[in-house]
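Residue-level listing of the chains:
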Amino acid sequence: MTVPTLYEWAGGAAALERLFTAFYARVRDDPELRELFRDMDPDHPRHVAAWLGGVFGGPPVYSRQRGGHAHMVGMHLGKAITERQRRRWVELLQDAADETGLPADPEFRTAFTGYVEWGSRMAVLLSQPGVRPGPPEPMPTWTWALPPWQPPGETAAE
């Protein structure tokens, strides 16, 4: 069986751009998060979609255009993200995933949620006052904890 990447299973760039466009529209109006994202670049949803696409096995668009992991780390330095803000960010992203029709199968959502939890917790750690980034690191990569279930006789790519 050929197992697709998380990027492919999610629906590629278009699906991730829909996800983050819907998500950041919610963030702009959220009392817990709006101040943190007050000066958000209008292209931010597209940039984050490219980031997640690369992490999930898609093309390295974010790395080529924005500078990869080091740039993402730099975007969080000094933001002092709280645990409450992190939890709200995760909640709104999960809601946007439902709203935009991201795959809801248990295997995909386990991988998606695992990355969102890991990444958001890293953002909290890296955003605290006085934190300095370590040496440059490669882009993180994320894949299936378990491959997507398929009925007998089918392949994941069908």
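Residues numbered from 1 in each chain as written. Predicted model: local features only at pLDDT ≥ 70, side-chain atom pairs only at ≥ 80, totals over all residues. Heavy atoms only, no water.

**Q** Outline the side chain of Arg109, supporting the account with residue identities and numerical values.
**A** Tracing the sequence through the fold places Arg109 in helix α7 (residues 106-127). Polar contacts involving the side chain of Arg109 include one to the side chain of Asp98, which spans 2.8 Å. For Arg109, the residues in contact, after removing those within four places along its chain, are Gln94, Ala97, Asp98, Leu102, Pro103 and Ala104. (Helix = DSSP H or I, 4+ residues; strand = E, 2+ residues; numbered from the N terminus. Polar contact = N/O pair within 3.5 Å; in protein donor to acceptor, adjacent residues only side chain to side chain. Contact = heavy atoms within 4.5 Å.)

**Q** Describe the nonpolar core, listing the residues and the values that go with them.
**A** Membership of the largest hydrophobic core comes to 33 residues, with the highest contact counts inside it found for Leu19, Phe20, Phe23, Tyr24, Phe56, Trp89 and Phe112. Within the residue set of this core, elements represented by two or more residues are α1 (6-10), α2 (12-29), α3 (44-55), α6 (83-99) and α7. In terms of residue count, the dominant contributor to this core is α2 (8 residues). Filtering out sequence-adjacent residues up to four positions away, Phe20 remains in contact with Pro45, Val48, Ala49, Leu52 and Leu93. (Core = buried A, V, L, I, M, F, W, Y, C linked by side-chain atoms within 4.5 Å. Buried < 20%, exposed > 50% of the residue type's maximum accessible area, 1.4 Å probe, protein only.)

**Q** Can you tell me about the packing of aromatic side chains, naming the residues and giving the values?
**A** Per the stated rule, a full pass over the model turns up 13 aromatic pairs. Plain terms: the ring middles of Phe23 and Tyr24 are 4.6 Å apart, the flat faces sit at 65 degrees to each other, and that makes the pair edge-to-face. The buried category is assigned to Phe23, whose relative accessible area is 0%. A residue is classified by how much of its surface remains accessible, and Tyr24, at 2% relative accessible area, is buried. Ring geometry for Phe23 and Trp89: centres 5.2 Å apart, planes at 85 degrees, overall edge-to-face. Remark: Trp89 occurs in helix α6 and Phe23 occurs in helix α2; sequence separation between them is 66 residues. Side by side, Phe23 and Trp89 carry an identical accessibility label, which is buried. Here the aromatic residues Trp9, Phe56, Phe108, Phe112, Tyr115, Trp118, Trp142 and Trp144 are joined through ring pairs into a cluster of three or more. (Phe/Tyr/Trp six-rings, centres within 6.5 Å; stacked < 30°, edge-to-face > 60°.)

**Q** Lay out the pattern of salt bridges with the relevant residues and their values.
**A** Taken as a whole and judged by the stated rule, the model has 13 salt bridges. Among the ionic pairs, Asp30 bridges to Arg88, the shortest N-O distance being 2.7 Å. In this pair, Asp30 is assigned in the loop between α2 and α3 and Arg88 in helix α6, connecting sequence segments 58 residues apart. With a relative accessible area of 4%, Asp30 lands in the buried category. Its relative accessible area of 24% is what places Arg88 among the partly exposed residues. Between Arg38 and Asp39 there is a salt bridge whose closest N-O contact spans 3.5 Å. Shared partners join several salt bridges into a network, and the residues in it are Glu83, Arg86, Arg87, Glu117 and Arg121. (Salt bridge = Lys/Arg side-chain N within 4 Å of Asp/Glu carboxyl O.)

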